[in-house]
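# Analysis of the macromolecular model
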Amino acid sequence: MGENIKLARKRRKLTADQVSERAGIHRATLYRVEKGDPSVAIGIYFNIFRVLNLDKDFSQLAADDPFGRKLQDLDLL
């Protein structure tokens, strides 16, 4: 995911400083996100997605859960 975020930033011709400032985070945090550091809070990712105008993609992360529905349906039988 970090690599995809970095590519999205570069496609938009935004510098790391611009994105980190607009997201309200430190430049080092953006670097950690782009490197895939799992310790970065999910809220930071949302702020970056918002800056990159990808917040609709963010909302799709857990939009559908077919496996969970099957488990739920089995429990209803």
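How each quantity is defined
Residues numbered from 1 in each chain as written. Predicted model: local features only at pLDDT ≥ 70, side-chain atom pairs only at ≥ 80, totals over all residues. Heavy atoms only, no water. Helix = DSSP H or I, 4+ residues; strand = E, 2+ residues; numbered from the N terminus. Polar contact = N/O pair within 3.5 Å; in protein donor to acceptor, adjacent residues only side chain to side chain. Contact = heavy atoms within 4.5 Å. Axes fitted to C-alpha atoms, helices over the stretch in contact; angles between N-to-C directions. Left-handed = near helix turned anticlockwise from the far one by under 90°. Nonpolar A, V, L, I, M, F, W, Y, C, P; charged D, E, K, R; others polar.

## A few points about the side chain of E34
As for its position among the elements, E34 is in helix α3 (residues 27-35). Of the polar contacts made by the side chain of E34, one reaches the side chain of R9; its length is 2.7 Å. Setting aside anything within four residues of it in sequence, one finds E34 in contact with G2, E3, I5, K6 and R9.

## What to know about the packing of helix α2 (residues 16-23) against helix α4 (residues 42-51)
Describing two packed helices takes the angle between their axes plus the distance from one axis to the other. Two numbers describe how α2 lies on α4: the axes approach to 9 Å, and their chain directions differ by 115°. Crossing of α2 over α4 shows right-handed handedness. For the pair α2 and α4, contact is made by V19, R22 and A23 and by N47, I48, R50 and V51, respectively. When grouped by side-chain class, the residues that make up the contact of α2 with α4 number 4 nonpolar, 1 polar and 2 charged.

Read these as geometric descriptors, not functional statements.
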